[in-house]
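Structure assessment
So you can see what is in the structure, the chains are spelled out below.
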2 protein chains.
Amino acid sequence: MAKLFIPGPIDVSKETFAAMSRPMIGHRGSEFEALYASTQPVLQELGGTTRPFFLSTSSAWGIMEASLKNLCAKKVLTLCCGAFSDKWFSVAKSMGLAADKIQVEWGEAISPEAVRAKLEEGGFDLVTLIHNETSTGVMNDVAGIAKVVKSFPGVLFVVDAVSSFSAVPIAMDELGIDVLLAGVQKALALPPGLTVFACSQDALERAEGMPNRGYYFDFIEFAKNAAQNNTPSTPAISLIFGLQHILGVIAAEGVKNRYARHAANNAMIHEWGKRRGFKNFAPEGRQSVSLTCFHTPAGFNQSAFIKTLNSKHGFAINGGYGKIKGLTFRISNMGNETPATMQELIDAMDDVLG
Amino acid sequence: MAKLFIPGPIDVSKETFAAMSRPMIGHRGSEFEALYASTQPVLQELGGTTRPFFLSTSSAWGIMEASLKNLCAKKVLTLCCGAFSDKWFSVAKSMGLAADKIQVEWGEAISPEAVRAKLEEGGFDLVTLIHNETSTGVMNDVAGIAKVVKSFPGVLFVVDAVSSFSAVPIAMDELGIDVLLAGVQKALALPPGLTVFACSQDALERAEGMPNRGYYFDFIEFAKNAAQNNTPSTPAISLIFGLQHILGVIAAEGVKNRYARHAANNAMIHEWGKRRGFKNFAPEGRQSVSLTCFHTPAGFNQSAFIKTLNSKHGFAINGGYGKIKGLTFRISNMGNETPATMQELIDAMDDVLG
C-alpha cells in the first residue's frame, strides 16, 4: 500500500490511529460532551469564528447539499470552476431548486466582479463557493467574493473549505461567511467520514423559517445539540477522538507555523515542477497551497510515471480528476508532511523521471 | 473508561481497531473496490438477500430519513412502539410528508393484524418498522408484519434492523423487505459512523420515479456506484476496513453459531433478572435477543446500582432511554461477548447488589 500524496484522503499518522482506537464511549453522556467541547477552540481558531462547530457524520457532500436545503428559499448561485463546484450546481438541480451558475473554464478562478454582475440580476438568496477547487488546484479569492456577496442584503454565503481548512487562514466572521464546512480527510489528515461546519446567526435564522428540512441534516437540530456539546444522531466517535488528537497536534505546532509549513511544502512542489518543466494548471496568484495540479505535457507518459512512482517508491499521486483525468496530475502537500517527507517524494519523482 | 454493555455503541475489539488503522487508501481505485466487494457476501448472508449492500457514510437516521425521501410518494405508515420508531413518524412530519402511525404503548410489540386494519384504510405506499426497538427491548414480528404488508400491492416495506442485524437471522428476500438497514455500532461491534443497507428492485424502481431526491442519500446514486463496488461520496474508509474485519470474524465463527451465541448470552441476562427479581419490560415471546430492558422495581436505587457497577467494576449499562429513563435499565449482549464475559458482568452486578 502506497503512502498517499493524492489530494485526499491523505496519509494518516500512527498517533492519529492510536487516538481513534481509544475504547468506545456512549455518546449520550458527559464523556462524549467533554470530547465534543474539546474540539471547539482549535476548530474556531482555524475557521476564524466564535460560532460553534457542528460535527456531521457524513462526507462533505452531505453538508454541501444540506446548505441548499436549509438556506435556499429563492434561488442559489453556484460558482463553478471545477469538478466539485460544478457538481454543486447539479446537486441543486437534483433537489428541484431554482439555481443559476457562473461557469468558468477549469483551471480558472471565479472573479468577484462576475459574481457582482450576476447577483445584480436579482432573485438570489444564496451563493456557494468552493474555496480551494481540489480538482484543478485553484484557490478562489474568498475575501473578494465575500465582500461582493455581503453587499447584497439577504444573500447568504456558503464556503466549502474542504481542502483549504487548516492549510490557510480562513476568517469566517470577518468575511461574513454564513456556512463554513470542511471534510477531515484533507489537511486535517484524518480518515474520511466526518464533516465539521459552522453557521452564522443569519444562516440559522434562515434555516428556522425553511419548511420540510427533515432531520438528519437539519441545521437547527445541529445547533440545539451543539448547545449541549452533542450531535443530533449517533456520531462517528472514533473519528472525533482522532479529530481531538489532530487539533491538539495543531495547537502544539501553532496554526501560523502550520500555515507556513503548508506554504513551504507547496513551494517545494512548485519549484520541482518548474525545474522539471511541468506547468501549473492554476493561474499565478490563484494557486492552492495544499495541493498542486500540473498540466500533463504532450508526449509525457503520465500513467507510467505514476505507476512506477507507486511500484518502485511506494508513493501515490493522482492522475487527474473528471474531464481533466490524464490531462493533469495532482500532488498533495497537506497534513503532516514536512520539508523532509516532501523531499523524499521529490527525490522519488526525480528518480522515476531520470 | 468503562467497558460498554449499553445497547450501542458497544465494546470494540483490539483486532477491529487494528484493522481500522490500516494505511489510508484512495477511494477511486481498485484497492477500494476490492475492499467494498469483500464486504458483500457476508452482509448478504446476514440480510438474507442476493441484493447488493450499499455503504452509507452516516448514522442510521440518514438512511431512515432517506427511505422516506426515496420511497414515499403518497403516505407512509410508521409503526411506533418506542423512542426510535416513534421518532420515525416525527421525522416524516418534519419532511412535510403525509404520514400516519400505529402507536402502541412502549414495551408492547406491533401486531400484524393492526397493520392490516390500518392499511385497509388505503392511501399508503410505504410502511416503516423497527425490527428490534432498542429503547424498549421489544423485537417485533417482522415476518408476520411483512406478510401483511406484502398483501397490499404497491406498499413498500422498510425495516430498520439496527440492533438485530447479525444477532438474529433476517430473511430480506423471503419476507419481501424493500429496504433493510443496519448501523454498525450494534451487533457488528464497530464504532458508529457507517450504515449498511440493501434495496429491493421495487424500491429502486420507486426511487427512480421520485422527484427532487437530491444527491447524498439518493438510492439510485448508491445503486449506480455499488455496481462499480463504490459509493457516491467519499466513504468512511477506516470503518469499512473494520467492517471487512468483523465480517471475516463472523464468517469464521459461522452465522448460525453467532446467532446461537447471542441467544445464549441473552438467556444468561434473562436468567439473572429472574433470579434477582427484575421483570422484563418486553412481553414474553417478543423479547430482543441482543439486549434486555428491565423494569426498575419500586424503591430500587437504579442510579446508585449503575454508578457503582461502573466505578467499582468498570462496566457500563444503561439507565433507560427517553420517557422511560430511570424507569427501566438496559443491558446489551451484542457483538463479541461470550458466556465468560457475560458472566463477568453478572458477577459484578451481583456483587453490587449484594
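Residues numbered from 1 in each chain as written. Chains lettered and ligands numbered in written order. Predicted model: local features only at pLDDT ≥ 70, side-chain atom pairs only at ≥ 80, totals over all residues.

Here we come to the sheet that holds strand S9 (residues 179-183) of chain A. Consider a sheet: its strands pair through backbone hydrogen bonds, and that pairing is either parallel or antiparallel. Residue and element names in this part refer to chain A. The 7 strands lie next to each other as S2-S10-S9-S8-S5-S3-S4, forming an open sheet whose pairing is mixed. Edge positions in the sheet fall to strand S2 (53-56) and strand S4 (99-103), since each of these pairs with one other strand and no more. Within the sheet, the average angular offset between the axes of one strand and its neighbour, ignoring direction, is 20 degrees. Bridge count for strand S3 (residues 76-80) against strand S5 (residues 126-130) is 3 bridges, and the pairing is parallel. By the bridge assignment for S5, Val-76 is matched with Leu-126. Contacts between helix H8 (residues 201-208) and the sheet are confined to strand S8 (156-160), S9 and strand S10 (195-199), with S8 contributing the most and set at about 110 degrees to the helix. (Pairing = 2+ DSSP bridges. Helix = DSSP H or I, 4+ residues; strand = E, 2+ residues; numbered from the N terminus. Axes fitted to C-alpha atoms, helices over the stretch in contact; angles between N-to-C directions. Contact = placed C-beta atoms within 7 Å.)

Residue and element names in this part refer to chain A. Where helix H11 (residues 255-276) contacts helix H13 (residues 339-353), the two axes come as close as 9 Å, and the packing angle between them is 15 degrees. Judged by the angle between their axes, H11 and H13 are roughly parallel. Crossing of H11 over H13 shows right-handed handedness. Counting all contacts with H11, which are made through Ala-264, Asn-265, Met-268, Ile-269, Trp-272 and Arg-276, the residues of H13 involved are Pro-339, Met-342, Ile-346, Met-349 and Leu-353. Split by residue class, the contact of H11 with H13 holds 9 nonpolar, 1 polar and 1 charged. (Parallel < 35°, antiparallel > 145°, perpendicular 65-115°, else oblique. Left-handed = near helix turned anticlockwise from the far one by under 90°. Nonpolar A, V, L, I, M, F, W, Y, C, P; charged D, E, K, R; others polar.)

Accessible area lost on assembly of the parts is the figure often given for the size of an interface. Facing 43 residues of chain A, the contacting portion of chain B comprises 43 residues. Counting only elements with at least two residues in the side of chain A that touches chain B, the list comes to helix H1 (14-20), helix H3 (60-71), helix H4 (83-94) and helix H10 (237-253) of chain A. Residue composition of the side of chain A that touches chain B, by class: 24 nonpolar, 16 polar and 3 charged.

With that settled, the discussion passes to the domain arrangement of chain A. All names here are of chain A. Its domain assignment divides chain A into domain 1 (3-9 + 254-353) and domain 2 (14-251). On a C-alpha basis, the centroid separation for the pair domain 1 and domain 2 is 26 Å. Listed as interface residues are 25 residues of domain 1 and, on the opposing side, 28 residues of domain 2. Of all elements in the fold, only H11 and strand S11 (291-295) reach the threshold of two or more residues within the side of domain 1 that touches domain 2. (Domains from an automatic or database assignment.)

Another point: the pairing of strand S4 (residues 99-103) of chain B. All names here are of chain B. Strand direction decides the pairing type here: strand S3 (residues 76-80) and S4, joined by 5 bridges, are parallel. Bridge assignment links Cys-80 to a residue of S4, and that residue is Gln-103. Handedness of the S3-helix H4 (residues 83-94)-S4 crossover: right-handed. (Right-handed = clockwise from strand over helix to strand, strands pointing away.)

A separate point is the relation of the copies chain A and chain B. For the pair chain A and chain B, the superposition axis carries a translation of 0.0 Å, the fit reaches an RMSD of 0.0 Å, and the rotation angle comes to 180 degrees. The relationship between the two copies is best expressed as a two-fold rotation axis. Identified as the residue of chain A closest to the rotation axis by C-alpha distance is Ser-58 of chain A, at 2.5 Å. A symmetric contact is evident, with 100% of the interface residues of chain A recurring at the interface of chain B. (Least-squares fit on C-alpha atoms with pLDDT ≥ 70 in both.)

We now examine the environment of Thr-292 of chain B. Residue and element names in this part refer to chain B. Looking at the element boundaries, Thr-292 is found in strand S11 (residues 291-295). Using a count of 27 C-beta atoms within 10 Å as the deciding quantity, one classes Thr-292 as buried. Remark: the alpha-carbon pair of Thr-292 and Ile-6, spanning 286 residues in sequence, is separated by 9.9 Å. (Buried ≥ 20, exposed ≤ 12 C-beta atoms within 10 Å, placed from the backbone.)

Let's shift gears to the sheet that holds strand S9 (residues 179-183) of chain B. All names here are of chain B. Ordered by their spatial adjacency, 7 strands build an open sheet running S2-S10-S9-S8-S5-S3-S4, and the pairing between neighbours is mixed. Only two strands of the sheet have a single partner each, and these edge strands are strand S2 (53-56) and S4. Mean inter-strand twist for the sheet, computed between neighbouring axes without regard to direction, equals 20 degrees. Note: strand S5 (residues 126-130) against strand S8 (residues 156-160), 5 bridges, orientation parallel. Residue Thr-128 lies in a different strand from S8, and its bridge partner there is Val-158. Along the sheet face, helix H8 (residues 201-208) touches S8, S9 and strand S10 (195-199) and points at about 110 degrees away from the line of S8.

Within chain A, residue pLDDT values average 98, and 100% of them lie at 70 or more. Reported confidence for the predicted complex is 0.97 by ipTM and 0.98 by pTM. (pLDDT = per-residue confidence, 0-100.)

Moving on to H8 of chain A. Structural remark: α-helix, 3.6 residues per turn; residues separated by three or four positions point the same way. All names here are of chain A. All of the buried residues along H8 are Ala-203, Arg-206 and Ala-207. The arc that holds every buried residue of H8, seen down its axis, measures 100 degrees, which confines them to one face. Of the exposed residues in H8, the ones pointing more than 90 degrees away from its buried face are Gln-201 and Glu-205. In this fold, the buried residues of H8 make contact with H3, S8, S9, S10 and helix H9 (219-226). (Arc of directions from axis to C-beta.)

Before going further, it helps to examine the environment of Ile-324 of chain B. Following the sequence through the fold, Ile-324 of chain B ends up in the loop between strand S12 (315-316) and strand S13 (328-332). Through-space distance from the C-alpha of Ile-324 of chain B to that of His-295 of chain B is 9.2 Å; in sequence the pair is 29 residues apart.

To continue, consider helix H3 (residues 60-71) of chain B. All names here are of chain B. End to end, H3 covers 16 Å across 12 residues, agreeing with the expected 16 Å (1.5 Å per residue, within 8%). For H3, the buried fraction is high: 12 of the 12 residues fall into the buried class. When we look at burial in H3, the residues that qualify are Ala-60, Trp-61, Gly-62, Ile-63, Met-64, Glu-65, Ala-66, Ser-67, Leu-68, Lys-69, Asn-70 and Leu-71. (Expected span 1.5 Å × (residues − 1).)

With that settled, consider the pairing of S3 of chain A. Among the 5 residues of S3 of chain A, 5 are classified as buried, and the element is accordingly described as predominantly covered. Here S3 of chain A shows two buried faces, one formed by Val-76, Thr-78 and Cys-80 of chain A and the other by Leu-77 and Leu-79 of chain A.

Residues and elements named next belong to chain A. Among the structural elements, Ser-290 can be located in the loop between H11 and S11. On the basis of neighbour counts, which here come to 28 C-beta atoms within 10 Å, the residue Ser-290 falls in the buried class. With 23 residues separating them in the primary sequence, Ser-290 and His-313 have C-alpha atoms 22 Å apart. Leave out the neighbours within four places in its chain, and Ser-290 touches Asn-132, Ser-163, Ser-164, Ala-167, Lys-186, Ala-187, His-262, Asn-266, Ser-332, Asn-333 and Met-334.

One finds Val-127, Leu-180 and Phe-197 of chain A together with Val-127, Leu-180 and Phe-197 of chain B to be the most contacted residues of the largest nonpolar core, which totals 240 residues. With sequence-adjacent residues up to four places away left out, Phe-197 of chain B is seen in contact with Phe-53, Phe-54, Ser-56, Ile-63, Val-179, Leu-180 and Leu-181 of chain B. (Core = buried A, V, L, I, M, F, W, Y, C linked by C-beta atoms within 7 Å.)

Attention now goes to unusual backbone geometry. A cis amide bond links Gly-8 of chain A with the next residue in sequence, Pro-9 of chain A, at an omega value of -5 degrees. By the element assignment, Pro-9 of chain A lies in the loop between strand S1 (3-4) and H1. Even without being a glycine, Asn-212 of chain B presents a positive backbone phi close to 55 degrees. You can see Asn-212 of chain B is positioned in the loop between H8 and helix H9 (219-226). With 10 C-beta atoms packed within 10 Å, Asn-212 of chain B lands in the exposed category. You will see that Asn-229 of chain B, though not glycine, has its phi angle at about 55 degrees, which is positive. Along the polypeptide, Asn-229 of chain B turns up in the loop between H9 and helix H10 (237-253). Taking the number of C-beta atoms within 10 Å as the measure of exposure, Asn-229 of chain B has 17 and is therefore partly exposed.

Let us now look at the packing of H3 of chain B against H4 of chain B. Residue and element names in this part refer to chain B. Look at H3 against H4: their axes get within 10 Å of each other, and the N-to-C directions meet at 50 degrees. The pairing of H3 with H4 is recorded here as oblique in orientation. In this structure, H3 crosses over H4, and the sense of that crossing is right-handed. Across from Met-64, Glu-65 and Leu-68 in H3, the residues of H4 making contact are Trp-88, Val-91 and Ala-92.

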